[in-house]
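Here is what each chain is made of, one letter per residue.
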Amino acid sequence: MIRTKLFLACALAFVVSLAGATPAAAQEPANQITYFTFSAPFELPGGKTLPAGKYVFKIADSPSNRHIVHVMSEDQREMHATLMAIPAQRMEPAQEPEVRFMEAEANVAPAVRTWWYPGRTIGHEFIYPKDHARRLAARQPEPVLTVADDAATEEEMRTADLARIGRDGRESAVDAERTADNQATPTPAQQPDTTRAPDTTRAPDATDTRARTELPRTASPLPLIALLGLGSLVAAGGLRLRRR
């Protein structure tokens, strides 16, 4: 009798813990894949400008670096860019998928600064080649993340020392492990806006079209199967106890 009751108690405790822990762990895909719709053109590190449209942002499968970002077409058949980034930290987790832009003049495509996956306080701040960063920094109130030397290729930027270049052209060293994004709140031009018509004179809206509806599909049915199996064991144990 004592052994049977102990078995039932352990089985029930395991079921409860599994039900509470598994869905949260299974909710976020490892590559943080996000579908964005941009209402106006935008600029990527290296000077490439993409037109308004739907794009995929996702983390590359790299065991040594979790901040290599692929920007792809909506169907993921075309690779538009592979970008280097460093961790960007914020106080409160992003509530929705979010891309933040640097300031830009009217009718000029703004450059992306950071990408945030919902539910996380750690995002991705993009690294710009030196010449490109210097041009952008001339019109920015905040320094632009760049490389300390003239590294320009993907391979060179993987290992290059980092710096931030200000409007005056001065550079300051960056510790990629301790860097933080101080932009806790997007500027009005950077906030997702699904109610206004596209306006090419301001930063393009970056709104998610599928991330929230597709995230639940990343969960595995295995936890439910395990719960049903353990429930059957508990029921069988209960019947056996009653017969005794």
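Now for a look at the structure at hand.

About the cut-offs
Residues numbered from 1 in each chain as written. Predicted model: local features only at pLDDT ≥ 70, side-chain atom pairs only at ≥ 80, totals over all residues. Heavy atoms only, no water. Helix = DSSP H or I, 4+ residues; strand = E, 2+ residues; numbered from the N terminus. Buried < 20%, exposed > 50% of the residue type's maximum accessible area, 1.4 Å probe, protein only. Contact = heavy atoms within 4.5 Å. Arc of directions from axis to C-beta. Pairing = 2+ DSSP bridges. Axes fitted to C-alpha atoms, helices over the stretch in contact; angles between N-to-C directions. Core = buried A, V, L, I, M, F, W, Y, C linked by side-chain atoms within 4.5 Å. Phe/Tyr/Trp six-rings, centres within 6.5 Å; stacked < 30°, edge-to-face > 60°. Lys NZ or Arg CZ within 6 Å of the ring centre and 35° of its normal.

Here the focus is the overall build of the protein. Secondary structure summary: the protein contains five helices and 13 strands in total. Counting the 244 residues in the protein, one finds 42% classified as buried. Restricting to contacts in the protein with at least 6 residues of sequence separation, those with at least 24 account for 56%.

Looking only at helix α2 (residues 130–137), the buried set comprises Lys130, His132, Ala133, Leu136 and Ala137. Angular distribution of buried residues about the axis of α2 spans 160°; they occupy a single face of the element. For α2, the exposed residues lying more than 90 degrees away from the buried face are Asp131 and Arg135. Where α2 is buried, its residues contact β2 (42–43), β10 (144–147), β11 (162–165) and β12 (171–174).

Taken in spatial order, the three strands line up as β10-β11-β12 in an open sheet, and their pairing is antiparallel. Sheet topology places β10 and β12 at the edges, where each strand pairs with a single neighbour. Each strand of the sheet is rotated relative to its neighbour by a mean of 40°, with strand direction disregarded. Pairing between β11 and β12: four bridges, direction antiparallel. Considered in β12, the bridge of leucine 162 is made with valine 174.

In this structure, Phe38, Phe57, Val99, Phe126 and Tyr128 are the most contacted members of the largest nonpolar core, which totals 27 residues. If you list the elements that add at least two residues to this core, you get β1 (34–38), β4 (53–59), β5 (68–73), β6 (79–89), β7 (98–101), β8 (112–116) and α2. The residues touching phenylalanine 126, leaving out its near neighbours within four places in the chain, are Pro45, Phe57, Val69, Leu83, Met84, Ala85, Val112, Arg113, Thr114, Trp115 and Leu145. By size, the runner-up hydrophobic cluster in this structure holds 12 residues, among which are Ala60, Ile68, Ala160 and Leu162.

Before going further, it helps to examine the packing of aromatic side chains. A ring pair, where both rings are aromatic, is described by two values, the distance of the centres and the angle of the planes. Inspection of the entire model under this criterion finds eight aromatic pairs. Aromatic side chains phenylalanine 42 and tyrosine 55 sit 5.5 Å apart centroid to centroid with 80° between the ring planes, which places their arrangement in the edge-to-face category. Of this pair, phenylalanine 42 sits in strand β2 while tyrosine 55 sits in strand β4, and the two are 13 residues apart along the sequence. In this structure tyrosine 55 comes out as buried when scored by relative accessible area, which is 5%. Here a set of aromatic residues connected by ring pairs shows up, and it is made of Phe36, Phe38, Phe42, Tyr55, Phe57, Phe101 and Trp115. Positioned over the ring face of tryptophan 116 is arginine 90, at 4.7 Å from the centre of the ring.

To continue, consider unusual backbone geometry. Positioned with a positive phi, glutamine 32 is a non-glycine residue whose angle comes to about 50°. Note that glutamine 32 resides in the loop between α1 (2–26) and β1. The exposure class of glutamine 32 is buried, given its relative accessible area of 5%. A positive phi angle, close to 65°, is found at glutamine 76, a residue other than glycine. Considering the arrangement of structural elements, one finds glutamine 76 in the loop between β5 and β6. On the basis of relative accessible area, glutamine 76 is assigned to the partly exposed category, the value being 27%.

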